[in-house]
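# Descriptive analysis of the structure
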Amino acid sequence: MEKKDYYKLTDKELLAEKKKLKNSKIFHAASIGFLAGILIFGFVAWSLSPKKQVGFLIPMLIPIVFIYRMIKNPNKNKDLEEVLKKRHLN
């Protein structure tokens, strides 16, 4: 994936990129919420089960890894946000 030079884009192109950024943030927030719901449901089901097998918790690491990766890289579009602030398009 190539990195765009946001300083060379026009205002209309920047607004289109801003819309993509907003949609991306909404998708990431919804995904994190969905994965957190899976985690909560899994832990509650495990805690209420009569047989508390630790092996059940191993698949619960998958949502934790995905949530960590989504939270770890939030500044991926920091350049775009800087250009939008400089041009007063935010």
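Residues numbered from 1 in each chain as written. Predicted model: local features only at pLDDT ≥ 70, side-chain atom pairs only at ≥ 80, totals over all residues. Heavy atoms only, no water.

### A short note on the pattern of salt bridges
- Considering all chains together, one arrives at four salt bridges under this definition.
- As a salt-bridge pair, Asp5 and Lys8 come within 3.8 Å of each other at their nearest N and O atoms.
- Classification of Asp5 by relative accessible area gives partly exposed; the value is 37%.
- By relative accessible area, which is 71% here, Lys8 ends up exposed.
- Of the charged contacts in the structure, one is a salt bridge between Lys25 and Glu81, with a shortest N-O distance of 2.9 Å. On the criterion of sequence distance, the pair formed by Lys25 in helix H1 (residues 11-48) and Glu81 in helix H3 (residues 78-86) is long-range, its members being 56 residues apart.
- Overall, Lys25 belongs to the partly exposed group, its relative accessible area being 47%.
- Look at Glu81 and you get partly exposed, because its relative accessible area is 33%. (Salt bridge = Lys/Arg side-chain N within 4 Å of Asp/Glu carboxyl O. Buried < 20%, exposed > 50% of the residue type's maximum accessible area, 1.4 Å probe, protein only. Helix = DSSP H or I, 4+ residues; strand = E, 2+ residues; numbered from the N terminus.)

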